[in-house]
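# Overview (structure and organization)
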Amino acid sequence: MGLHKAMFAAVVGLGMGVASPAFAVDPAPHFTLRDLDKQTVTLSDYKGQVVLVDFWAYWCEPCKQELPHLQRMEKELGEQGFKLIAISTDDARTASQVKPYVKRSGYQFTVVRDSDSSVLIKYNPTKTLPFAVLIDREGNIHSKHSGFNEGDQVKLREEIVELLEPSAQPEKTE
Amino acid sequence: MLAVVSFIVAMTASAQDAPSSDESDAAAVTTSFTDDLDYRYWKRTERLPAPFANETGIFNYVEQVNRFTGLVASGPWQGFVQVDEVSLWANRYKIDGEVFTERALREPDVFWPLPGIDGYANLEKVFLARESKLATVTLGDFYGAFGNGLALNINRNVDIDIDTSIQGAKVFMRPGAWDIQLLAGQVNRQQVFQENPNLGLQGDFRHLVAGAAVTRYGLGPANVGAHGVVYHFATESGPWGIAERSVPDAVVAGSTLEVSIAGMDWIGEGDIYSYTNNADGGSLLFAGEPSDPGYAAYLSGTAYVGSTTWQFEGKRYIQTERPNALLASELYEIAIGPTLEYERAITEDSSAAVNSNNSWGGKVRMDWAAVPGEVVPYVSVAVFRDLEEGGLHFNEVPETIFHPMIGIEARPEKFSFIGNLGMRYDDRDGQGTDSERGIDADRQLHGDLDFKFALPGGLRADIAVAGEWYQWGQNPFQQEDYVEFETSYTVAIPGEKVFVVYYMDYTTNPLVNSVGNLDGDSLYGAGELQYKVSDAVTMKGFLGAYKAGIRCSGGQCRLLPGFDGARFSMTANF
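Model, not experiment: these values are computed from the prediction.

We now examine helix α5 (residues 152-163) of chain A. Residues and elements named next belong to chain A. Under the 1.5 Å per step criterion, the end-to-end length of α5 is 17 Å for twelve residues, consistent within 8% with the ideal 16 Å. Turning to α5, its buried residues are L156, R157, I160, V161 and L163. Buried residues in α5, looked at end-on, bunch into an arc of 160°, giving them a common side. Taken together, the buried residues of α5 touch β3 (50-56), α2 (61-77), β4 (82-88), β6 (131-135) and β7 (141-146).

Time to look at the domain arrangement of chain B. Residue and element names in this part refer to chain B. For chain B, the assigned domains read domain 1 (132-300 + 311-338), domain 2 (339-479) and domain 3 (483-574). Of note, the centres of domain 1 and domain 2, computed from C-alpha atoms alone, are 27 Å apart. Between domain 1 and domain 2, the contact holds 13 residues from the first and twelve residues from the second. Residues that form the side of domain 1 that touches domain 2 fall into these classes: four nonpolar, four polar and five charged.

Glancing now at the nonpolar core. With 94 residues, the main nonpolar core has L52(A), V53(A), I160(A) and L152(B) as its most contacted residues. Ranked by size, the runner-up nonpolar core spans ten residues in total, among them L340(B), V354(B), A382(B) and I401(B).

Residues and elements named next belong to chain A. Read from one edge of the open sheet, seven strands run β2-β1-β5-β4-β3-β6-β7, paired in mixed fashion. Because the sheet does not close on itself, it has two edges, and the strands there are β2 (40-42) and β7. Averaged over all pairs of adjacent strands, the angle between their axes in this sheet comes to 30°, without regard to strand direction. Where α2 meets the sheet, it contacts β3 and β4, and its direction lies at approximately 155° from that of β4.

We now examine the environment of T34(B). Following the sequence through the fold, T34(B) ends up in strand β1 (residues 29-42). You can call T34(B) partly exposed: it has 19 C-beta atoms within 10 Å. Taking the C-alpha atoms as reference points, T34(B) and T69(B), 35 residues apart in sequence, are found 5.2 Å from one another. Apart from residues lying up to four places away in sequence, T34(B) is in contact with P125(A), T126(A), T69(B), A572(B) and N573(B).

Calculation rules
Residues numbered from 1 in each chain as written. Chains lettered and ligands numbered in written order. Predicted model: local features only at pLDDT ≥ 70, side-chain atom pairs only at ≥ 80, totals over all residues. Helix = DSSP H or I, 4+ residues; strand = E, 2+ residues; numbered from the N terminus. Expected span 1.5 Å × (residues − 1). Buried ≥ 20, exposed ≤ 12 C-beta atoms within 10 Å, placed from the backbone. Arc of directions from axis to C-beta. Contact = placed C-beta atoms within 7 Å. Domains from an automatic or database assignment. Nonpolar A, V, L, I, M, F, W, Y, C, P; charged D, E, K, R; others polar. Core = buried A, V, L, I, M, F, W, Y, C linked by C-beta atoms within 7 Å. Pairing = 2+ DSSP bridges. Axes fitted to C-alpha atoms, helices over the stretch in contact; angles between N-to-C directions.

So, in structure tokens, the structure goes:
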């Protein structure tokens, strides 16, 4: 017991050291997935934009409550350089449900499928859903957001606006 | 473990120079860690025999579980480790000076260098990957899925504690309009449970899997694919479990087609399953009986008509569950296709139909965007024939399953409401007074809802309810009819840092192996306090009990035990 506690403490300490102000960059891990039209979507192609990578699933109720808010944000802030990439973590079994759900909901943001969990395990190994990772224009992770409750979208929008151009839009209430 | 830590240190040390310019992507290092720490105090109902029967609490114990994950990424390279750890406390009692151990944490085939300590740590997952636009190469642990999952479907499933990966090598290439996957390795099952009691931890059965899949996108309106998987199962844990047999146990080959025509989206898959027999003429996957070939056909079509969406699904599966035949004791499945079932209402009986080796059926669902983006009700009807008999099935004759449902998703500005209601009717052939057994149909009425709304004073509330009424027909395992429900009531304090949750479960199902703490029988109650210390750290305290029951995730269902006691957990993501 004592040995593995010490090892854990060492790794935690290592991580804390790495995260110290003296080493502030935290590049988002690369990934390439295909969207619902089977076009490849590569994260690095959006360098220069503020990107929100959002993990969701067809069967996840809080995810369904969050997505309309994210759609509104992309519509409002897209021209300023905000990009939403919604990663469906539905496995191969429910693949046929994802596209109909997105289409009938009228969602127009980019939806990609991670049917073999290859990206999920790098960003969100605890598989908390929904789970959002905000990435700045340099491709570095700015913040992570676990779960969703009404009102979370207000704080998230504030963070996105802060990362966009300094002359941000006036604060909009929902 | 030391080597992994050294790798992390080395990667970090090599990146200490702050990246300056265009080389930043190559020089900068990302480190990401998660830690899930859980302490559970289990209250047990077991008692010692007389004269110690009045000694309550002797078999209560504390279980400490921890899962640590670490990711280090630099440019195209990514390294990942996951370490699972468990320890038991207060797992002893003394009678007349002699110490007794209440429960064994590990089976003898599980290596642990400190036999006197009720603990276990396992480097559960590790991989090294190189990621680029054109290809991803992974050495170590990975997940794999082909088509709609009928041939191979292994994903990260931490929801019901059966996370299983493949340990070997995987290449995923994406040249232009092609996806090409090659993978091979041994199955690596999660050993330390994060939610369920850890008792008798077993070693891994090193089943071998190898497969390939090719998909061509954009052949006109169609995407076409082909895949093949070879399985070779181990019959005992350890590295030599498959040594006795030199031929694979199962080969699955199939093709997929996706096409959009005249506004409709179609997805189809067909697979052929070939199983080998041993020298004695029997198949490992057929319980020693001669094997039969299998096939699977799945089709889904979706039409968008005005404000409505119509989805049609059909399936025909014969001997498609055989690759999972030996995995029941290991609590996971390796090939899981679309079931067309509503999995929040799965019961012991319906899970047998879902896992049938001879079934066909279809489902039609219509969603209507009554208020686009805000109010979308739906109606669906599913009909299945389950032709498999005996074994774990609760029917000795074929049955017809009829399952209509209605539901709604409503998200106007002030609140959010999601609800579903359905009636499942399992009608066995030979029903009526003419049959010798008087076989009748099982009936299940089920419903669930999730309602989020604002309260005065800036508070926010969430009510979640799921319930069912179940009436058994005549069947060989004659069980009692039952009613059960699960509820949770959550209030979020303004600022969204503190959440107070109350849980209440009720069940009269005699198959549920747990006892209610509120009435000593059917009624369970518990409270939970969640404190979001920051975006990175959440702490939870739980006190009370919840019932046992079936939970499903990713097409796999498990009968999970109940819990009575206290829990403290802390999740960190940094």
